Amino acid sequence: MLGAILGDMVGSPYEFDRNNHKSKAFPLLSKKSHFTDDTVMTVAVARGLMAGQGNAQKTFAEVQHEMRRLGKAYPNAGYGGMFGRWLRAEHPQPYGSFGNGSAMRVAAAGWLFDTLDKTLKMAKVTAEVTHNHPEGIKGTQATSAVIFLARTGHSKPEIKQ
């Protein structure tokens, strides 16, 4: 979690520079560093996963609740257009996104569960709240699997496989 949040803050000054900053010589944190929507949603998903206690239906509802609660508490964190509309919707529905948003916020799934199967199942649940396209789900599961495997002592070649 701390790594995801710190990475968000370190990258925040460069988020929209269209890959123009190619130097490896940059400060980790500067006056321009700040948390973004990715941090807000990482915290929301972690809270939802913990409240859901491994139950898929409850987790879906809790993740949705926390994402909307924290999204409204931090309305200027940098949400994309589709997600912003989802936040403001009276009855939010998954919108078929295959982007990387759900993968950006899933770090907690890699830490909270005892098996890879459970990690993948719960990562899928968190993605389906908004990113219910198969590609969005795959990205979320890949991210959570890497975290789970690294946490449980697997080697880099094992994780790559």
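Nothing here was measured: the structure is a model prediction, and the numbers come from that model.

1. Some thoughts on the overall build of the chain
Reasoning step 1: Broken down by element type, the chain carries 9 helices and 0 strands.
Reasoning step 2: Listing every helix and strand of the chain by position from the N terminus yields α-α-α-α-α-α-α-α-α.
Reasoning step 3: Over its C-alpha trace the chain gives a radius of gyration of 16 Å, about what one expects of a compact globule, namely 15 Å for 161 residues.
Reasoning step 4: Dimensions of the chain, computed from the C-alpha atoms along their principal axes, are close to 45 × 45 × 25 Å.
Reasoning step 5: Burial status across the chain gives 37% buried among its 161 residues.

2. Details of the nonpolar core
Burial of nonpolar side chains together is a common tendency in soluble globular proteins.
Reasoning step 1: One finds V40, M41, L49, M67, Y79, F83 and W86 to be the most contacted residues of the largest nonpolar core, which totals 21 residues.
Reasoning step 2: At the level of elements, α2 (37-52), α3 (56-73), α4 (81-88) and α7 (116-128) are the ones that each hand at least two residues to this core.
Reasoning step 3: Sorting elements by how many residues they give to this core places α2 first, with 6 residues.
Reasoning step 4: What M67 contacts, discounting residues up to four positions off in sequence, is M41, A44, V45, F83, W86, L87, R105, V129 and T130.

3. Thoughts on the packing of α3 against α4
Reasoning step 1: Where α3 meets α4, the axes come as close as 10 Å, and the angle between the chain directions of the two elements is 100°. The pairing of α3 with α4 is recorded here as roughly perpendicular in orientation. Contact residues: Q64, M67, R68, G71 and K72 in α3; F83, W86, L87 and R88 in α4.
Reasoning step 2: Residue composition of the contact of α3 with α4, grouped by class: 4 nonpolar, 2 polar and 3 charged.

4. Regarding a nonpolar patch on the surface
Reasoning step 1: There is a patch of nonpolar side chains on the surface, built from L6, F26, L28 and L29 and spanning about 380 Å² of accessible area.
Reasoning step 2: Looking at the element boundaries, L6 is found in helix α1 (residues 2-11).

5. Considerations on α4
An α-helix turns once every 3.6 residues. As a result, residues three or four positions apart point the same way.
Reasoning step 1: Three or more residues of α4 are buried, namely F83, G84, W86 and L87. Along α4, the residues classed as buried sweep out an arc of 160° about the axis, all on the same side. For α4, the exposed residues lying more than 90 degrees away from the buried face are R85 and R88.
Reasoning step 2: Turning to α4, the residues buried within the fold contact α2 and α3.

6. Focus: the packing of aromatic side chains
Reasoning step 1: Throughout the structure, instances matching the rule amount to 4 aromatic pairs.
Reasoning step 2: Taking the centre distance of 5.6 Å and the plane angle of 85° together, the rings of F35 and Y74 count as edge-to-face. One end of the pair, F35, is in the loop between α1 and α2; the other, Y74, is in the loop between α3 and α4, and 39 residues separate them in sequence.
Reasoning step 3: One aromatic cluster in this structure is built from Y79, F83 and W86.
Reasoning step 4: Positioned above the aromatic ring of W86 is the side chain of R68, whose terminal nitrogen or guanidinium carbon lies 5.8 Å from the ring centre.

Conventions adopted
- Residues numbered from 1 in each chain as written.
- Predicted model: local features only at pLDDT ≥ 70, side-chain atom pairs only at ≥ 80, totals over all residues.
- Heavy atoms only, no water.
- Helix = DSSP H or I, 4+ residues; strand = E, 2+ residues; numbered from the N terminus.
- Rg over C-alpha atoms; globule rule 2.2 N^0.38 Å.
- Buried < 20%, exposed > 50% of the residue type's maximum accessible area, 1.4 Å probe, protein only.
- Core = buried A, V, L, I, M, F, W, Y, C linked by side-chain atoms within 4.5 Å.
- Contact = heavy atoms within 4.5 Å.
- Axes fitted to C-alpha atoms, helices over the stretch in contact; angles between N-to-C directions.
- Parallel < 35°, antiparallel > 145°, perpendicular 65-115°, else oblique.
- Nonpolar A, V, L, I, M, F, W, Y, C, P; charged D, E, K, R; others polar.
- Patch = residues over 30% accessible without salt bridge, like charges linked within 9 Å, V, L, I, M, F, W, Y side chains within 5 Å.
- Areas by Shrake-Rupley, 256 points an atom, 1.4 Å probe, with all protein chains shown as cover.
- Salt bridge = Lys/Arg side-chain N within 4 Å of Asp/Glu carboxyl O.
- Arc of directions from axis to C-beta.
- Phe/Tyr/Trp six-rings, centres within 6.5 Å; stacked < 30°, edge-to-face > 60°.
- Lys NZ or Arg CZ within 6 Å of the ring centre and 35° of its normal.

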